[in-house]
Amino acid sequence: MNKCVINRIFFINQLGFILIINLLNPIVTIPSLKSISDEDALDHYLLTQNVNYFNILYDRYANKVYSKCVTMLKNAEMAEDATQEIFVKILLSLSKFSGKSKFSTWLYSITYNYCIDLIRKDKKDIILSFDNYSFEIEDQSTFDAEIMETNVYRLKDVMTELSTEDNGILLMKYQDEMSIKEIGDILNKTESAVKMKILRAKERFMKIYKVKYGESVA
Amino acid sequence: MGQNNFKELEKILIEGRQDTNDTVKKNINSNINLFSFVSNLIDLYIPKMGKVFTSFDNSKEKKNKS
């Protein structure tokens, strides 16, 4: 048989093999899906390229990522698009995940930075001026408890008025319960800068709450 | 510590999410399949491309000699 014909047959066989592997990939089942840790799922995905391992991570975090996006972007459609973009971004930068932090922290850091960048790009962020107001939060821990116990519908209402950056800071602090250091790593800021940002975000939260409901949170 | 309504807010927002989760998941999976297909093709055929060029070059040399 002609060498060229043999090469062609070999080429078609290989192509067919790749196609079959890619088609079968999602069908291959994984035992004990629920018990696997995020980091293990990630390692298995990188080793096997089996899409089911990535789906485990998606199922665990998609809703949380969506809820952060919708709080920060204040638009459900944009939040859906952002969720998809964030997971594709994660997929493309999986090799950059060093494992120094938890997978969830890394995922949230990408989420927060993506939303902040998106709003900055569109220049849609709310710029609030509070030059005429000064709030002195003397007891941080008491205020932390009170801000967390704010009525959930009022909380939602106030957060729609806050800027994307302030929303992000408050979500990291109260929803994800991240440490100052973790927030600093995400925002690429020093710990003292982060403390100041949190304080400012709380002040603005208080101000909006007072304007909307005529009473203070604390 | 008392109740954390930031967590409650998260739950409410998730409950209010329209049923688009599967569509997003399908889109992401098709992206994954495309990436893996392209990377498999590159893995398999880029090294072979080198061989093709070398053999092409060799055949030219042979022609020139003859």
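The rules we used
Residues numbered from 1 in each chain as written. Chains lettered and ligands numbered in written order. Predicted model: local features only at pLDDT ≥ 70, side-chain atom pairs only at ≥ 80, totals over all residues. Helix = DSSP H or I, 4+ residues; strand = E, 2+ residues; numbered from the N terminus. Contact = placed C-beta atoms within 7 Å. Expected span 1.5 Å × (residues − 1). Buried ≥ 20, exposed ≤ 12 C-beta atoms within 10 Å, placed from the backbone. Nonpolar A, V, L, I, M, F, W, Y, C, P; charged D, E, K, R; others polar. Axes fitted to C-alpha atoms, helices over the stretch in contact; angles between N-to-C directions. Parallel < 35°, antiparallel > 145°, perpendicular 65-115°, else oblique. Domains from an automatic or database assignment.

## As for the overall build of chain A
Piece 1. Scanning chain A for helices and strands turns up ten helices and zero strands.
Piece 2. Along the chain direction, N to C, the helices and strands of chain A fall in the order α-α-α-α-α-α-α-α-α-α.
Piece 3. Within chain A, residue pairs in contact and separated by at least 24 positions form 65% of the contacts whose partners lie at least 6 positions apart.

## With respect to helix α4 (residues 76-92) of chain A
Piece 1. Between its terminal C-alpha atoms α4(A) stretches 24 Å, which fits the 24 Å expected from 17 residues at 1.5 Å a residue.
Piece 2. Taken together, the buried positions of α4(A) are Ala79(A), Glu80(A), Ala82(A), Thr83(A), Gln84(A), Ile86(A), Phe87(A) and Ile90(A).

## Comments concerning the interface of chain B and chain A
Reports of interface size often rely on the accessible area that becomes lost once the parts have come together.
Piece 1. Taken together, the contact between chain B and chain A spans 29 residues of the former and 32 residues of the latter.
Piece 2. Of all elements in the fold, only α1 (5-15) and α2 (21-65) of chain B reach the threshold of two or more residues within the side of chain B that touches chain A.
Piece 3. It is α2(B) that provides the largest number of residues to the side of chain B that touches chain A, a total of 14 residues.
Piece 4. Tallied by class, residues from the side of chain B that touches chain A come to twelve nonpolar, twelve polar and five charged.

## Things to note about the packing of helix α5 (residues 103-122) of chain A against helix α8 (residues 164-175) of chain A
Residue and element names in this part refer to chain A.
Piece 1. One can describe the packing of α5 onto α8 by two numbers: an axis separation of 10 Å at closest approach and a directional angle of 170°. One finds that α5 runs roughly antiparallel with respect to α8. Only Thr 164, Glu 165, Gly 168 and Met 172 of α8 make contact with α5, whose side of the interface consists of Tyr 112, Cys 115, Ile 116 and Ile 119.
Piece 2. Looking at the contact of α5 with α8 residue by residue, the classes come out as five nonpolar, two polar and one charged.

## Some points on the domain arrangement of chain A
Residues and elements named next belong to chain A.
Piece 1. Here chain A is partitioned into domain 1 (31-122) and domain 2 (140-213).
Piece 2. The gap between the C-alpha centroids of domain 1 and domain 2 is 22 Å.
Piece 3. Taken together, the contact between domain 1 and domain 2 spans eleven residues of the former and eleven residues of the latter.
Piece 4. Residue composition of the side of domain 1 that touches domain 2, grouped by class: six nonpolar, three polar and two charged.

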